[in-house]
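Residue-level structure breakdown
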Amino acid sequence: MLTTGKDVYILLPGESTERVLHQGTVTECSAEAFVAEFGEVLEVEVGTTLLTHAEFNRKFMQQGATVQAILAPSPKTIIAFRRDGQPINADTRSSYRVSLAAHNLPARINDDQLCRLLDVSATGFGVVSKTQWNVGDVVTATVGYNGITGIGEARVQSVRDAGAGRFRYGLHAVEARQGRSRSDLQIGLMKISLEVQRDQLRRMARA
């Protein structure tokens, strides 16, 4: 997704409610990490997890990253990043989502056990919660349906005000570590998504 000399855009967590992309130039790049120079002073700390964006094969792609070092703070900010997970298409959802809003199912995100599961796909899910997280945050998620459970790390992809002090979050399961094809959360989400679709087909057949 990233190439030396090409543009990269980062979305800083907690900066504002708007999705502000800061443009930089990739100066060094490998399969595991990259360095980028930004023509502005950016307030970011080592260890911050965020989202990077870049154009690849005429598609706008997105990948998680973690700030490894601030190589120069000003007048131009130069940052070393570690890549997290695999690039995904940032223009559309990567797979079909099925709604679970009518089931009133609980979900747990970090220490918040009062989240409500809204929809699920083989790679991500949506919840509503009164707890505030930022786009780019990596959280520990537990979701379940009909005895099937998925547990693992997920990254906040989107945040929307749902009213009454609640927020609607879209989350994407963090990809498996090297040596595994899928993470435990991805496996759980895939099974849940298939089970929900089977149940919907059964109900349609009985109607």
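Coordinates for the structure precede this section.
Residues numbered from 1 in each chain as written. Predicted model: local features only at pLDDT ≥ 70, side-chain atom pairs only at ≥ 80, totals over all residues. Heavy atoms only, no water.

1. Points about the overall build of the chain
This is how it is decided: Only runs of H or I of at least four residues qualify as helices and only runs of E of at least two qualify as strands under DSSP, and these elements are numbered from the N terminus. Both definitions apply: the radius of gyration is a C-alpha atom measure, and the globule rule equals 2.2 Å times residues to the power 0.38. When accessible area is computed with a 1.4 Å probe and restricted to protein chains, residues below 20% of their type maximum are described as buried, those above 50% as exposed, and intermediate ones as partly exposed. Contacts are residue-level and defined by heavy atoms, with any inter-residue pair within 4.5 Å sufficient. The Shrake-Rupley method, run with a 1.4 Å probe sphere, supplies the accessible areas, and residue values consider only the shown protein chains as cover.
Looking only at helices and strands, the chain has one helix and 13 strands in total. Secondary structure elements of the chain occur, N-terminal to C-terminal, as β-β-β-β-β-β-β-β-β-β-β-β-β-α. For 207 residues, the compact-globule estimate of 2.2 N^0.38 gives 17 Å, and the C-alpha radius of gyration of the chain, at 18 Å, lies within 12% of that figure. Here the chain holds 207 residues, and the buried ones make up 43% of them. Here the contacts in the chain between residues at least 6 apart in sequence split such that 53% fall between residues at least 24 apart. Looking at the chain as shown, the accessible area adds up to about 11,300 Å², and 48% of this sits on carbon and sulfur atoms.

2. What about the packing of aromatic side chains?
Let me state the cut-off plainly: Pairing of aromatic rings covers Phe, Tyr and Trp, the last through its six-membered ring, and needs centres within 6.5 Å; plane angles under 30 degrees mean stacked, over 60 mean edge-to-face, and all others mean tilted.
A full pass over the atoms with the stated rule returns five aromatic pairs. For the pair Phe38 and Phe81, a centre-to-centre distance of 6.5 Å together with 75 degrees between the ring planes defines the contact as edge-to-face. With Phe38 in strand β3 (residues 33-38) and Phe81 in strand β6 (residues 77-89), the pair connects residues that are 43 residues apart, well separated along the chain. Phe38 gets classed as buried once you look at its relative accessible area, which sits at 0%. Note on Phe167 and Tyr169: the rings are 6.3 Å apart at their centroids and 45 degrees apart in plane angle, and the pair reads as tilted. In this structure, Phe167 and Tyr169 share a single accessibility class: buried. Each residue in the set Phe34, Phe38 and Phe81 is aromatic and connected to the rest through ring pairs, giving one cluster.

3. Remarks on the sheet that holds strand β2 (residues 21-29)
As a reminder of what qualifies: What makes two strands pair is DSSP finding at least two bridges between them. Axis lines are fitted through C-alpha atoms, for helices just across the contact stretch, and the angle between N-to-C directions can take any value from 0 to 180 degrees.
Spatially, six strands are ordered β1-β2-β3-β6-β5-β4 in a closed barrel, and the strand pairing comes out antiparallel. The average angle at which neighbouring strand axes cross in this sheet is 45 degrees, direction not considered.

4. A word on the layout of surface pockets
The probe, sized like a water molecule, is rolled over the atoms to show the empty space still left. Cut-off, in case you're wondering: The method works on a 1 Å grid over the protein atoms by themselves. A cavity is a set of points holding a 1.4 Å probe that cannot get out, a pocket is an open set with protein on both sides within 12 Å along at least five of seven lines, and residues with an atom within 4 Å of a point line them. Grid points are joined across faces, edges and corners, and a volume is the space filled by probe spheres set on the points. Each residue gets one of three labels, nonpolar for Ala, Val, Leu, Ile, Met, Phe, Trp, Tyr, Cys and Pro, charged for Asp, Glu, Lys and Arg, and polar for the others, Gly among them.
Roughly 500 Å³ of volume is contained in the largest pocket. Contributions of two or more residues to the lining of the largest pocket are made by β6 and α1 (184-206). Of the residues forming the lining of the largest pocket, the biggest block, six residues, is contributed by β6. The residue makeup of the lining of the largest pocket, split by class, is five nonpolar, eight polar and eight charged.

5. Some thoughts on empty space enclosed by the protein
A complete count under the given rule lists one cavity of 30 Å³ or more for this structure. The computed volume of the largest cavity comes to approximately 60 Å³. Contributions of two or more residues to the lining of the largest cavity are made by β5 (59-72), β6 and β12 (148-163). Taken together, the residues that form the lining of the largest cavity break down as two nonpolar, six polar and three charged.

6. Examining unusual backbone geometry
For the bond from Ser74 to Pro75, the omega torsion is -5 degrees, close enough to zero to count as cis. As for its position among the elements, Pro75 is in the loop between β5 and β6. Its identity is not glycine, yet Asn146 carries a phi of approximately 50 degrees, on the positive side. For Asn146, the location among the structural elements is in the loop between β11 (138-145) and β12.

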